[in-house]
Amino acid sequence: DGLRYLLLAAAVISAQKPFRTLGFWKDGAKYACTITHDVDTRHGFEFGIYRLRDVERKYGVKSAWNISTGRYPVDPKVLESLVSEGCEIGSHGFRHDGRLIFCEDDELVNIFHTCKVLLERLGDCEVRGFRSPLLQHSCKILRAVAQAGFLYDSSLPAWEVHCRTS
């Protein structure tokens with residue numbers, strides 16, 4: 001955010017006059033909130049989703065649900081229900097076992113791609129996002145997420161990644 005502010009300030013100084021900017025948020029709002037859920041366990045999938053969706057329906061909220069594909073049975077009807085209500089489905093890895101940081105590059109890409117394809121098939125939807133189990137992160141994981149075809153990774157809530165490309 002600091003760099004964005006400096007860029008805008010530099011543009012205003014360079015123009016030597018004020019200029020109009022477009023609002024980013026819908027209807028002139030000055031903020032936004034994103035709600036996501038990581039469904040780590042079978043109990044969370046079978047019961048937690050329904051309890052949280054009841055609350056979200058009450059307040060007209062739509063959220064993103066990050067689902068593990070190898071730790072519990074994933075019922076396609078549950079995914080289809082979430083998607084039909086406007087929720088987004090994301091991948092939360094395969095086993096949620098904390099072992100991603102030990103995988104080789106090709107293995108990571110294979111795991112992530114397999115999870116993505118399986119969720120897309122089960123939910124009959126596009127899966128664009130990924131969140132690493134246990135929020136594990138590394139440049140190797142981030143590269144594999146991109147190579148597996150995800151559009152974004154929400155595993156890194158508090159830092160900006162600086163990875164070498166070579």
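Residues numbered from 1 in each chain as written. Predicted model: local features only at pLDDT ≥ 70, side-chain atom pairs only at ≥ 80, totals over all residues. Heavy atoms only, no water.

> I'd love a proper account of the overall build of the protein chain, names of residues and values included.
Of the regular secondary structure elements, the protein chain holds five helices and five strands. Counting from the amino terminus, the protein chain carries its helices and strands in the arrangement α-β-α-β-α-β-α-β-α-β. Based on the C-alpha atoms only, the size of the protein chain along its principal axes is roughly 60 × 45 × 25 Å. Going through the 166 residues of the protein chain one by one, you find that 32% of them count as buried. Sequence-distant contacts, at least 24 apart, represent 66% of the contacts inside the protein chain between residues at least 6 apart. Carbon and sulfur atoms make up 56% of the accessible area of the protein chain, which amounts to about 11,400 Å² in all. Of the side chains in the protein chain, 22 bear a positive and 21 a negative charge, and the two mean positions are spaced by 5 Å. (Helix = DSSP H or I, 4+ residues; strand = E, 2+ residues; numbered from the N terminus. Buried < 20%, exposed > 50% of the residue type's maximum accessible area, 1.4 Å probe, protein only. Contact = heavy atoms within 4.5 Å. Areas by Shrake-Rupley, 256 points an atom, 1.4 Å probe, with all protein chains shown as cover. Lys, Arg positive; Asp, Glu negative; His and termini not counted. Charge placed at Lys NZ, Arg CZ, Asp CG, Glu CD.)

> Hey, could you go over the packing of aromatic side chains for me, with residue numbers and the actual values?
Applying the stated rule across the entire model yields three aromatic pairs. Between phenylalanine 112 and phenylalanine 130, the ring centres sit 4.5 Å apart and the planes meet at 50 degrees, which makes this aromatic pair tilted. You can see phenylalanine 112 sitting in helix α4 (residues 105-123) and its partner phenylalanine 130 sitting in strand β4 (residues 129-130), a full 18 residues away along the chain. Residue classification places phenylalanine 130 among the buried positions, given a relative accessible area of 0%. Joined through ring pairs, the aromatic side chains of Phe112, Phe130 and Phe150 make up one cluster. Over the ring of phenylalanine 150 we find lysine 116, and its NZ or CZ is 5.9 Å from the ring centre. (Phe/Tyr/Trp six-rings, centres within 6.5 Å; stacked < 30°, edge-to-face > 60°. Lys NZ or Arg CZ within 6 Å of the ring centre and 35° of its normal.)

> Which residues make up a nonpolar patch on the surface, and what are the values?
A cluster of nonpolar residues, Leu3, Tyr5 and Leu6, forms a patch on the protein surface that exposes about 400 Å² of accessible area. For leucine 6, a relative accessible area of 53% puts it in the exposed group. (Patch = residues over 30% accessible without salt bridge, like charges linked within 9 Å, V, L, I, M, F, W, Y side chains within 5 Å. Salt bridge = Lys/Arg side-chain N within 4 Å of Asp/Glu carboxyl O.)

> Give me the packing of α4 against helix α5 (residues 139-147): which residues, what numbers.
Between α4 and α5, the shortest axis-to-axis distance is 8 Å and the interhelical angle comes to 45 degrees. With respect to α5, the axis of α4 lies oblique. In the packing of α4 onto α5, the handedness of the crossing is right-handed. Only Lys140, Ile141, Ala144, Val145 and Gln147 of α5 make contact with α4, whose side of the interface consists of Asp105, Leu108, Val109 and Phe112. (Axes fitted to C-alpha atoms, helices over the stretch in contact; angles between N-to-C directions. Parallel < 35°, antiparallel > 145°, perpendicular 65-115°, else oblique. Left-handed = near helix turned anticlockwise from the far one by under 90°.)

> Now, about empty space enclosed by the protein: what can you tell me, with residues and values included?
One pass over the full model with this rule turns up two cavities of 30 Å³ or more. Here the largest cavity is characterised by a volume of approximately 50 Å³. Those elements that place two or more of their residues in the lining of the largest cavity are α2 (42-59) and α3 (76-84). By residue number, the principal contributor to the lining of the largest cavity is α2, which donates four residues. Here the residues of the lining of the largest cavity are counted per class, giving four nonpolar, one polar and two charged. (1 Å grid on protein atoms, 1.4 Å probe; cavity = no way out; pocket = protein on both sides within 12 Å on 5 of 7 lines; lining within 4 Å. Points joined across faces, edges and corners; volume = space filled by probe spheres on them. Nonpolar A, V, L, I, M, F, W, Y, C, P; charged D, E, K, R; others polar.)

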